[in-house]
Structures are given as structure tokens and as C-alpha cells.
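Chain residues, written in single-letter form:
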Amino acid sequence: MSYQLDPELITVMAALAQQSARAAAPARGNWKALRQAGEMGQAYLATLVPPSSGVRTATFYAVGHDGTSIELRWYTTTSRTKTKPGPAVVYAHGGGMLLGTLDLYDKLICWYVGRTGVPFLSVGYRRAPDEGTGTTLSEDVFAGLTWLLGHASDVGVDPARVAVMGDSGGGAPAAGAAILARDRGVVLARQILVYPMLDDRNQIPDPERAAFLTWTYDDNYTAWSAVLGDQLGTGTVPPVVAPARLEDYKGLAPAYIDVGDLDIFRDEDIAYAQNLARSGVPVELHVYPGVPHGWERFAPHSASAQRAMADRARAVASI
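Residues numbered from 1 in each chain as written. Predicted model: local features only at pLDDT ≥ 70, side-chain atom pairs only at ≥ 80, totals over all residues. Heavy atoms only, no water.

Undergrad: Break down the packing of helix α4 (residues 136–150) against helix α6 (residues 171–183) for me, citing the residues and quoting the values.
TA: α6 packs onto α4 with a crossing angle of 65° between their chain directions and a minimal axis gap of 8 Å. The handedness of the crossing between α4 and α6 comes out as right-handed. Here α4 contributes Leu137, Ser138, Glu139, Val141, Phe142 and Leu145 to the contact with α6, which in turn contributes Ala172, Pro173, Gly176, Ala177, Leu180 and Ala181. (Axes fitted to C-alpha atoms, helices over the stretch in contact; angles between N-to-C directions. Helix = DSSP H or I, 4+ residues; strand = E, 2+ residues; numbered from the N terminus. Left-handed = near helix turned anticlockwise from the far one by under 90°. Contact = heavy atoms within 4.5 Å.)

As C-alpha cells, this is what we get:
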């Protein structure tokens, strides 16, 4: 098989490759180096997000399953009124579950809120391995969801119209929170998973895509090792941590999933969508040809990026 890069991405990918060549890639297993490099990258990506206006924020705190305080950032439009309860999204930021912050995602969340008018609750879940491991990350996102449902009347939210959403590494705790919601009797309106990282067993490199990867197999090993430690790849990994391990998909929230064809998460995301569909869960799946992981963030003016962002905004607005 011969993969081809979307022609609109050729120039920008070449520039990124040239920039990356100036610095050594984080060594396999070095989560500190990956966090440092990744957050520098996220800070750059934040500068490419189209500006948004008319969005305000407030800070709240949820109590985690172990009693820890979890920071929450609530985004609403300045024109929003509470006369009629409406939808809301609980968001888990990307970063391989070991990097990323509320601040680094501030501009992107503002864009979603400004574009759709739907409030977002961004969850500052604990990152692996120094802040939290295993099920802690999904439990933290679920704590944010529980907080929102418990304060729904205060913030003008209809509890029947709440979704969870996550991108990349945030896709795992978002999907994990959706599993916890089902198992604990909490009804979600939707789960929106943007090129989600779902399967710790995805460790065998595909040489055909090697030249196009922005999140590599070494990065994936480092990230999942940080989350799972010695459990990585074993038969004891809970599906709340790695949702692709799930066996029973019945009763999960309707899903929106998108991923690029040159993303190492492509196959696990397609498989997750298939398993949901086989279990009677409504699914909307998009596989964008010729684009790698996170392409819409570093090539926001490409036609495929514009389509992807419009589709996500539509999915959010329809909650």
C-alpha cells in the first residue's frame, strides 16, 4: 500500500520536519522529555487557533474519587442566558495522557464555545505518571461530569443534554468516563471522540506511515507506559483505562469519532466505532484521507481541516 499526503499539507509538514530535525526526539520511555516537547508544541498550536470573542470563563472544583480536588474551567458565551436550560460538553484535553493543561487548551475551547454557543467544562484531570495513573484519569473526568450534573440548574444546563468530549490522549479518559457513566446509571447525550487514543496494544509500527507520523509509536509506548506501568500490554488492563479493551459496548452513549488516515490511531478508532455499531449504538465516523494526527491544528486553513472542525462543531451544536 502506498499512502499519500494531502497536497495541502505538503509544505507545512516539510516545515515541521525541518523544525523537528533541529532537536532530538524524546527518547522512548522518557515521559518528562515528551511532556516538555509536547507542551511546547501545544503552545505553538494555540497560536494558530482562530480568535474567538464573547466567551467568558469561571473556575470551579470537583472532588475526585479519592478526595482530591480537580480543577474545572467553565466556558460560556457572554450573550448566554439561563432562561432555558441547554446542552453542555465535558472536555478532556489531549496530550497522550501525560501532557497538556487547561491553559494550553484555552483558545481551542473558546473557539468551540464561540462557534456553537454550547458551554464547555474543561477538566484538569491528573496526568500520568506523576499525578495519576490507571483509572484515575477517567475517574477525574467522570468527577467533572458528576459536578456538572449536580450543578446543572445553577449553570443553566439540561442534564439530559450533556456530552463528554476528548481529543487524542484525552479521548481515552473521555471514552472511559462514558463507560463509567453507563455502568453507574448516568445517561449521556453523546460522546465526541477526536482521533482518540484507545488501545495500549497498538505498539507495532507501520513502516508505510512512518514518514507522516506526528505522534509516533515511540511516543505511544512512552505514554501508555506512563499510564499503565507494568500492566502495559497485559490481560489485566481495565477498559476504563484503555477503552478498546471493552467487551460489552451495549448502552454506551451515541458516538461521533473522527481520525486521519495517516494517524496511528486510525485502526483502533475504526474498530471502536464498529464495535459500538454492532452493539446498536449510533455512530458517526469520519476517516479523513491523507492527513496525520492533529493535522487540523497545524494546518487549520486546509480544506480537510475546515471540514473536520465544521463537523465537530455540528456534532456539538446538535447535542
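Undergrad: Outline unusual backbone geometry, listing residues and values.
TA: The residue after Ala128, namely Pro129, is reached through a cis peptide bond having omega -10°. Within the fold, Pro129 resides in the loop between β4 (120–123) and α4. A positive phi angle, near 70°, is found at Met97, a position not held by glycine. One non-glycine residue with positive phi stands out, namely Ser168, at about 55°.

Undergrad: Can you tell me about the packing of helix α3 (residues 106–116) against helix α10 (residues 303–317), naming the residues and giving the values?
TA: When two helices pack together, you describe them by how their axes are tilted relative to each other and by the distance separating the axes. Axis separation between α3 and α10 bottoms out at 10 Å; the angle between their running directions is 65°. Of the two possible hands of crossing, α3 and α10 adopt the one that is right-handed. Facing Leu108, Trp111, Tyr112, Arg115 and Thr116 of α3, the residues of α10 in contact are Met309, Ala310, Arg312, Ala313, Val316 and Ala317. Tallied by class, residues from the contact of α3 with α10 come to eight nonpolar, one polar and two charged. (Nonpolar A, V, L, I, M, F, W, Y, C, P; charged D, E, K, R; others polar.)

Undergrad: Which residues make up the packing of aromatic side chains, and what are the values?
TA: Tallying each qualifying case throughout the model produces eight aromatic pairs. Aromatic side chains Tyr91 and Tyr105 sit 6.2 Å apart centroid to centroid with 40° between the ring planes, which places their arrangement in the tilted category. In this pair, Tyr91 is assigned in strand β3 (residues 86–92) and Tyr105 in the loop between β3 and α3, connecting sequence segments 14 residues apart. Just as Tyr91 is buried, Tyr105 falls in that class too. An angle of 70° between the planes, with centres 5.3 Å apart, marks the rings of Tyr249 and Tyr272 as edge-to-face. With a gap of 23 residues between them, Tyr249 in the loop between α7 (217–228) and β7 (255–260) and Tyr272 in helix α8 (residues 266–278) connect regions that are remote in the sequence. Here the aromatic residues Tyr91, Tyr105, Trp111, Tyr112 and Phe120 are joined through ring pairs into a cluster of three or more. A cation sits over an aromatic face here: Arg28 above Tyr221, 3.8 Å from the ring centre. Seen from the ring of Phe142, Arg184 lies directly overhead, with NZ or CZ sitting 4.9 Å from the centre. (Phe/Tyr/Trp six-rings, centres within 6.5 Å; stacked < 30°, edge-to-face > 60°. Buried < 20%, exposed > 50% of the residue type's maximum accessible area, 1.4 Å probe, protein only. Lys NZ or Arg CZ within 6 Å of the ring centre and 35° of its normal.)

Undergrad: Before we move on, could you go through the sheet that holds β4 and cite the residues and values that matter?
TA: The strand order across the open sheet built from eight strands is β1-β2-β4-β3-β5-β6-β7-β8, with neighbouring strands paired in mixed fashion. The open sheet has two free edges, formed respectively by β1 (55–63) and β8 (283–288), since each of these has just one partner strand. Sheet twist, expressed as the mean angle between neighbouring strand axes with direction ignored, is 20°. Across nine bridges, β1 lies against strand β2 (residues 69–77) in antiparallel orientation. Paired with Ala58 across the bridge in β2 is Trp74. Strand contacts of α8: β6 (190–194), β7 and β8, with the helix running at about 160° to β7, the strand carrying the most contacts. (Pairing = 2+ DSSP bridges.)

Undergrad: Run through the pattern of salt bridges, naming residues and quoting values.
TA: What the rule picks out here adds up to 20 salt bridges. Asp200 is paired through a salt bridge with Arg245; the nearest N and O atoms lie 2.9 Å apart. Linking Asp200 in the loop between β6 and α7 with Arg245 in the loop between α7 and β7, this pair joins segments that are 45 residues apart in sequence. Like Arg245, Asp200 is buried. Among the salt bridges present, the one from Arg209 reaches Asp206, with a minimum N-O distance of 2.8 Å. The structure contains a network of salt bridges with shared partners spanning Glu71, Arg73, Asp103 and Asp106. (Salt bridge = Lys/Arg side-chain N within 4 Å of Asp/Glu carboxyl O.)

Undergrad: Summarise the environment of Ala305; cite the residues concerned and give the values.
TA: Positionally, Ala305 belongs in helix α10. When its relative accessible area of 0% is taken as the criterion, Ala305 is described as buried. Residue contacts for Ala305: discarding those within four places in its chain leaves Trp295, Glu296, Ala299 and Pro300.

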